[in-house]
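Chain by chain, the residues run as shown.
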Amino acid sequence: MSLSLFGRLPRAVRVLRPARITARWSSSLSQRPGSDRVQFPGAVNSKFTTDMAFMKPSDMPYIPTYRVMDSDGALVGTDKKRPVDVSDQEILTWYRNMLTVSVMDGIMFEAQRQGRLSFYMVSAGEEGISVGSAAALTPDDTVFAQYREAGVFQQRGFTLKDFMSQLFANKNDSGKGRNMPVHYGSSYPRNHTISSPLATQIPQASGAAYALKLQALQNPNVPSRIVACYFGEGAASEGDFHAGLNIAATRSCPVVFICRNNGYAISTPTLEQYRGDGIASRGLGYGIDTIRVDGNDIFAVYEATREARRIALEGGGRPVLVEAMSYRVSHHSTSDDSFAYRARVEVEDWKRRDNPIIRLRKWLENQGLWNEDLERDTRSQMRKSVLQEFGAAEREKKPPIRVAFEDVYEEVTEEQQAQMKELRRILETYPEEYDVRQFEDGVNSL
Ligand SMILES: Cc1ncc(C[n+]2csc(CCOP(=O)(O)OP(=O)(O)O)c2C)c(N)n1
């Protein structure tokens, strides 16, 4: 019945129809006499059994964690001579990108504590996940992020000026100063603007991936593109996670879901977040190819994402889930003191034991590609660059006041025009109360 739908579509669509769907639809749904398998349409490969046994999660094997390099920066796969098929130069860029995010985080966190910035969130301990996964994407791929993925933006060409303009909501911010700090976005490479409500980006990512799939069907000559969608293990408890993964599976969308499992959602430890085997075990339930990786190992993250990207484009499109394990060594945000709910020693332990930056540094040093002097000079240079852009962004004008009324709808409505006029009247009547000099064009923009 539904097959007739394809009959009306152009030939290319029929050729690219996903193989798995064909197999399922073409199997007979009637019960064959003597068959040991159920032919109910809802579970076509299930065997009959006379053994009434409830399946227990604890009887299932735990999903292993893929790694390429151990915490000493040594390669663990016996056959591996090189960790990944990219140049040393490229790996050094990854290292610098992780370091840039880390240096910027240190400075901006402190700046917030001094009241120079309203809010900040660091990604300490998770730089390997964001830089490593973004390195496996092409600039044409589309990204939906949560908020702890500054490394994705850094790896995809965001400059310190871009970061600082958003953080200080000045007139150079592509988001026009309307969002809280750390809610970055860019039109190319396409990084959809971050928004605060958790997990809402997950079904949106599936929808965007569906659109990319349809585009590829209409024009097979455009380069293949995927959507990469990031979220935390806490966000994965939202209903939108379920909606997003299920629709991506049933519509065969080329989307790679990347879950950062860092052990906490603000004060909530994973034991209170879920009782299954992390987030990875859920992927299988949706019929999605899934892998768990060591998030402190940038090589493992890169390799897994690159392969996930390849699989996502197979047969016209299908989703993949990557669960990257890490530990949130920082406070949740500048509004949080995490020692109120976890022991300082636990955090110190993790900081000492392992992190993605030190691990890659050890590998680079073992290869003779990095040393103490380079580390010191690079860090000091990065600090200087961050402080320079910080100062420049802080001194820059805010966007025109008019911008507060624009883009609510595509066009400014009559009511909004009246509100702008009224605002201008108030600002002009009480100049002592409202200092508008920091906004581009002052009241004249209204
Ligand atoms: C729908 C919704 N509920 C609650 C919040 C408040 N909130 C902001 S961040 C956060 C924790 C998210 O944890 P996780 O997804 O694990 O990401 P992490 O912060 O650990 O990177 C919560 C509950 C929100 N922003 N949106």
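All values reported here derive from a predicted model rather than from experimental measurement. (Residues numbered from 1 in each chain as written. Predicted model: local features only at pLDDT ≥ 70, side-chain atom pairs only at ≥ 80, totals over all residues. Heavy atoms only, no water.)

**Student:** Help me understand the nonpolar core, please; the structure alone is not making it clear to me.
**Tutor:** Formed by 70 residues in total, the largest nonpolar core has its most connected members in Trp94, Met108 and Phe299. When sequence neighbours within four positions are dropped, the list of residues in contact with Trp94 reads Val84, Val86, Val131, Ala135, Gln155, Ile298, Phe299 and Tyr302. In terms of nonpolar packing, the next biggest core, distinct from the first, is built from 25 residues, Ala199, Phe241, Val255 and Ile279 among them. (Core = buried A, V, L, I, M, F, W, Y, C linked by side-chain atoms within 4.5 Å. Buried < 20%, exposed > 50% of the residue type's maximum accessible area, 1.4 Å probe, protein only. Contact = heavy atoms within 4.5 Å.)

**Student:** Looking at this model, I keep getting lost on the site of the ligand. Mind explaining?
**Tutor:** Neighbouring the ligand are 17 residues; Tyr147, Arg148, Ala235, Arg260 and Tyr264 lie closest to it. The contact in question runs from an oxygen atom of the ligand to an N or O atom on the side chain of Tyr147, over 2.6 Å. Considered on its own, the ligand offers 580 Å² of accessible surface; in the complex 73% of this is hidden by protein. Of the residues belonging to the shell around the ligand, the class tally is 7 nonpolar, 6 polar and 4 charged. (Near = heavy atom within 4 Å. Polar contact = N/O pair within 3.5 Å; in protein donor to acceptor, adjacent residues only side chain to side chain. Areas by Shrake-Rupley, 256 points an atom, 1.4 Å probe, with all protein chains shown as cover. Nonpolar A, V, L, I, M, F, W, Y, C, P; charged D, E, K, R; others polar.)

**Student:** Just to check I follow, could you spell out the pairing of strand S8 (residues 320-325) for this structure?
**Tutor:** Along any regular strand, the residues point their side chains to alternate faces of the sheet. The buried count for S8 comes to 5 of 6 residues, which makes it a mostly enclosed element. With 6 bridges joining them, strand S4 (residues 255-261) and S8 adopt parallel strand pairing. For Phe257, the partnering residue across the bridge sits in S8 and is Leu321. Examined bridge by bridge, strand S7 (residues 289-294) and S8 share 6 bridges and lie parallel to one another. In the sheet register, Asp289 faces S8, and the bridge partner there is Val320. Taken together, S7, helix H12 (residues 298-313) and S8 form a β-α-β motif whose crossover is right-handed. (Helix = DSSP H or I, 4+ residues; strand = E, 2+ residues; numbered from the N terminus. Pairing = 2+ DSSP bridges. Right-handed = clockwise from strand over helix to strand, strands pointing away.)

**Student:** Quick question: what am I supposed to make of the packing of aromatic side chains here?
**Tutor:** How two aromatic rings sit relative to each other is set out by the distance from centre to centre and by the angle between their planes. Under the defined criterion, the tally for this structure stands at 16 aromatic pairs. Ring centres 5.7 Å apart and planes at 70° place the aromatic pair Phe231 and Phe241 in the edge-to-face group. Of this pair, Phe231 sits in strand S3 (residues 227-232) while Phe241 sits in helix H9 (residues 239-250), and the two are 10 residues apart along the sequence. Assigned by exposure class, Phe231 and Phe241 land together as buried. The structure contains a cluster of three or more aromatic residues connected by ring pairs, namely Trp94, Phe299, Tyr302 and Trp363. Between Arg344 and the ring centre of Phe339, over which it is positioned, the NZ or CZ distance is 4.0 Å. When the ring centre of Trp350 is taken as origin, the NZ or CZ atom of Arg353, which lies over that ring, is 4.7 Å away. (Phe/Tyr/Trp six-rings, centres within 6.5 Å; stacked < 30°, edge-to-face > 60°. Lys NZ or Arg CZ within 6 Å of the ring centre and 35° of its normal.)

**Student:** Explanation requested: the pairing of S3 in the structure shown.
**Tutor:** Across the 6 residues of S3, 6 count as buried, placing the element largely inside the fold. Of the two faces of S3, both are covered, the one formed by Val227, Cys229 and Phe231 as well as the one formed by Ala228, Tyr230 and Gly232. With 3 bridges joining them, strand S1 (residues 142-144) and S3 adopt parallel strand pairing. From the neighbouring strand, Thr142 faces S3, where its bridge partner is Val227. Pairing geometry for S3 and S4, over 6 bridges, is parallel. Of the residues in S4, the one forming a bridge with Val227 is Val255. For the segment spanning S3, H9 and S4, crossover handedness is right-handed.

**Student:** Would you explain the confidence of the model for the chain in this entry?
**Tutor:** Across the chain, the average pLDDT comes to 93, with 93% of residues at 70 or higher. Predicted confidence is poor over residues 1-27, with pLDDT under 50, and the contacts of this stretch with residues over four places away or in other chains come to 22 contacts. (pLDDT = per-residue confidence, 0-100.)

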